[in-house]
Amino acid sequence: MLIKISDKVKQALDNNVPVVALESTIISHGMPYPFNVQTALNVEKIIEEQGCVAATIGIIDGVGIIGMDHEEIEQFGKKKGIVKVSRRDLPIVMAKKMWGATTVATTMILASKANIEVFVTGGIGGVHRNAQQTFDISADLQELAHTNVTVVCAGAKAILDLPLTLEYLETFGVPVLGYKSDNLAAFYSKDSGLKLDYNMADEAEIAKAIYYKRKLDLKGGILVSNPIPNEASIDNDYINQKIDEALKEANKQNIKGKDVTPFLLSYIAKHTQNKSLDANIALIYNNAKIGANIAKEYMKLKTDK
Ligand code: PSU
Ligand code: MN
């Protein structure tokens with residue numbers, strides 16, 4: 001069995017109830033216990049309060065689970081040794097019947113296999129700073145280039161090279177849409193200072209853009225940049241200083257490959273007295289609300305209601 005869709009998600013899909021996908025790397029590698037589990041459950045609640053069904057995605061004993069239950073989410077939050085699974089890892093984790101946490105890339109792959117078109121997360125991977133030397137470019141970007149899922153995020157953090165990330169997405173034909181904003185959001189703070197081409201008026205307008213992309217059969221994702229709420233936003237200079245420290249430390253400890261992002265996240269949380277964690281939680285709740293509304297508006301268009 002490749003994927004197992006929970007009864008609740010299956011029913012929603014069969015009855016045109018909008019479904020919103022959620023990833024599991026943010027649970028196992030992005031936040032410490034118990035905040036990870038609390039956040040994951042609250043995000044589901046926010047989505048369901050908007051009249052959608054949440055489908056948290058992960059891999060259990062080699063099977064892609066679309067719609068983990070609360071017990072499974074708890075296990076993803078606690079269990080040690082769950083591997084971070086990106087596109088290249090997926091078939092091996094299945095062959096070895098392992099548990100795996102899905103990144104943005106893998107969540108997109110499994111969501112699209114289940115015909116789920118909207119996915120909410122915190123931040124995506126991107127082109128890392130100094131990628132000219134390291135070649136460190138997240139597989140998330142190639143997935144956005146090829147897989148038909150709309151990803152709602154709070155932009156990308158300055159652990160990445162944001163201008164290069166935008167260039168990469170442009171080259172691969174991925175629209176980057178500002179939700180009621182002119183500039184790319186910078187995860188912990190509202191504004192990266194980088195201008196986006198499109199400021200979208202509301203969720204309905206974003207849904208229309210998805211609709212036309214699908215009608216035209218243009219393969220690939222759409223990235224929605226939804227700025228963190230004002231009250232949760234961290235001062236750019238302060239957070240960038242912490243990010244710089246984290247990057248230096250990662251370099252010193254020779255952290256490489258898929259360990260880079262989790263290392264930086266936990267270093268920054270520790271050295272901001274969890275301010276970064278609070279911001280991370282606030283922005284994902286905010287994304288859940290907007291993502292659910294986009295899924296609803298898109299369902300209306302698809303079903304011509
Ligand atoms: N950014 C975050 N939190 C996260 C991640 C990114 O703020 O948890 C995770 C996501 O799952 C994303 C992955 O897909 O890290 C990117 O990892 P990499 O750069 O190794 O592709
Ligand atoms: Mn990487």
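Look above for the structure.
Owing to the predicted nature of the structure, the values given are computational and were not obtained by experimental measurement.

Caption draft 1: Here's a closer look at the packing of aromatic side chains. Per the counting criterion, the structure on display carries five aromatic pairs. On the basis of an interplanar angle of 85 degrees and a centroid distance of 4.8 Å, the ring pair of Phe187 and Tyr188 is categorised as edge-to-face. Taking the relative accessible area as the measure of exposure, Phe187 reaches 2% and is therefore buried. Ring centres 5.5 Å apart and planes at 75 degrees place the aromatic pair Tyr211 and Tyr212 in the edge-to-face group. Sitting over the face of the ring of Trp99, Lys79 holds its NZ or CZ atom 4.5 Å from the ring centroid. The ring of Phe187 has Lys157 lying over it, and the distance from NZ or CZ to the ring centre is 3.9 Å.

Caption draft 2: Looking closely at the packing of helix H11 (residues 236-252) against helix H12 (residues 260-271). Relative orientation of the contacting elements H11 and H12 amounts to 130 degrees, with a least axis distance of 9 Å. Our classification of the angle between H11 and H12 gives oblique. Note that H11 runs across H12; the crossing there is right-handed. Contacts between H11 and H12 pair Tyr238, Ile239, Lys242, Ile243, Glu245, Ala246, Leu247, Glu249 and Ala250 from the former with Phe263, Leu264, Tyr267, Ile268 and His271 from the latter. Here the contact of H11 with H12 is composed, by residue class, of ten nonpolar, one polar and three charged.

Caption draft 3: Spotlight on the side chain of Thr147. As for its placement among the helices and strands, Thr147 is situated in the loop between helix H8 (139-146) and strand E8 (150-153). Of the polar contacts made by the side chain of Thr147, one reaches the side chain of Glu143; its length is 2.6 Å. Residues contacting Thr147, with those up to four places away along its chain left out, are Met108, Ile109, Ser112, Gly220 and Gly221.

Caption draft 4: Just the nonpolar core, in detail. One finds Ile116, Leu144, Val151 and Leu223 to be the most contacted residues of the largest nonpolar core, which totals 102 residues. Element by element, the count of residues in this core is highest for helix H13 (residues 275-302), at eleven residues. The contact partners of Val151, leaving out residues within four places of it in the chain, are Val104, Met108, Phe119, Thr121, Ile124, Leu144, Ile222, Leu223 and Val224.

Caption draft 5: Quick peek at the state of the cysteines. Per the counting criterion, the structure on display carries zero disulfides. Counting only cysteine sulfurs, Cys153 is the nearest neighbor of Cys52, a cysteine outside any disulfide, at a range of 18 Å. Judged by relative accessible area, Cys52 falls into the buried class, the value being 4%.

Caption draft 6: Spatial organisation of the site of ligand 1. Among the 16 residues in the neighbourhood of ligand 1, the closest are listed as Glu23, Val104, Ser138, Asp140 and Lys157. Here an oxygen atom of ligand 1 sits 2.8 Å away from a polar atom, N or O, in the side chain of Lys84. The protein chains hide 95% of the 470 Å² of surface that ligand 1 would expose on its own. Per element, the largest residue contribution to the shell around ligand 1 is three residues, and it comes from helix H2 (residues 25-30). Taken together, the residues of the shell around ligand 1 sort by class into four nonpolar, seven polar and five charged.

Caption draft 7: Quick peek at helix H3 (residues 35-49). Between the first and last C-alpha of H3 there are 21 Å, a value that for 15 residues agrees with the 21 Å anticipated at 1.5 Å per step. The complete set of buried residues in H3 reads Asn36, Val37, Thr39, Ala40, Val43, Glu44, Ile46 and Ile47. Buried residues in H3 make contact with strand E2 (19-22), H2, strand E3 (53-60), helix H4 (70-78) and H13. Taken from the residues just after H3, Gly51 is the one with a positive phi, measuring 90 degrees.

Caption draft 8: Seen up close, a nonpolar patch on the surface. Where nonpolar side chains cluster on the molecular surface, the patch consists of Tyr212, Leu216 and Leu218 and spans about 340 Å² of accessible area. Looking at the element boundaries, Leu218 is found in the loop between helix H10 (203-215) and strand E11 (222-225). Overall, the relative accessible area of 45% leaves Leu218 in the partly exposed class.

Rules and cut-offs
Residues numbered from 1 in each chain as written. Chains lettered and ligands numbered in written order. Predicted model: local features only at pLDDT ≥ 70, side-chain atom pairs only at ≥ 80, totals over all residues. Heavy atoms only, no water. Phe/Tyr/Trp six-rings, centres within 6.5 Å; stacked < 30°, edge-to-face > 60°. Buried < 20%, exposed > 50% of the residue type's maximum accessible area, 1.4 Å probe, protein only. Lys NZ or Arg CZ within 6 Å of the ring centre and 35° of its normal. Axes fitted to C-alpha atoms, helices over the stretch in contact; angles between N-to-C directions. Helix = DSSP H or I, 4+ residues; strand = E, 2+ residues; numbered from the N terminus. Parallel < 35°, antiparallel > 145°, perpendicular 65-115°, else oblique. Left-handed = near helix turned anticlockwise from the far one by under 90°. Contact = heavy atoms within 4.5 Å. Nonpolar A, V, L, I, M, F, W, Y, C, P; charged D, E, K, R; others polar. Polar contact = N/O pair within 3.5 Å; in protein donor to acceptor, adjacent residues only side chain to side chain. Core = buried A, V, L, I, M, F, W, Y, C linked by side-chain atoms within 4.5 Å. Disulfide = S-S within 2.5 Å. Near = heavy atom within 4 Å. Areas by Shrake-Rupley, 256 points an atom, 1.4 Å probe, with all protein chains shown as cover. Expected span 1.5 Å × (residues − 1). Patch = residues over 30% accessible without salt bridge, like charges linked within 9 Å, V, L, I, M, F, W, Y side chains within 5 Å. Salt bridge = Lys/Arg side-chain N within 4 Å of Asp/Glu carboxyl O.

These figures come from the coordinates and say nothing about function on their own.
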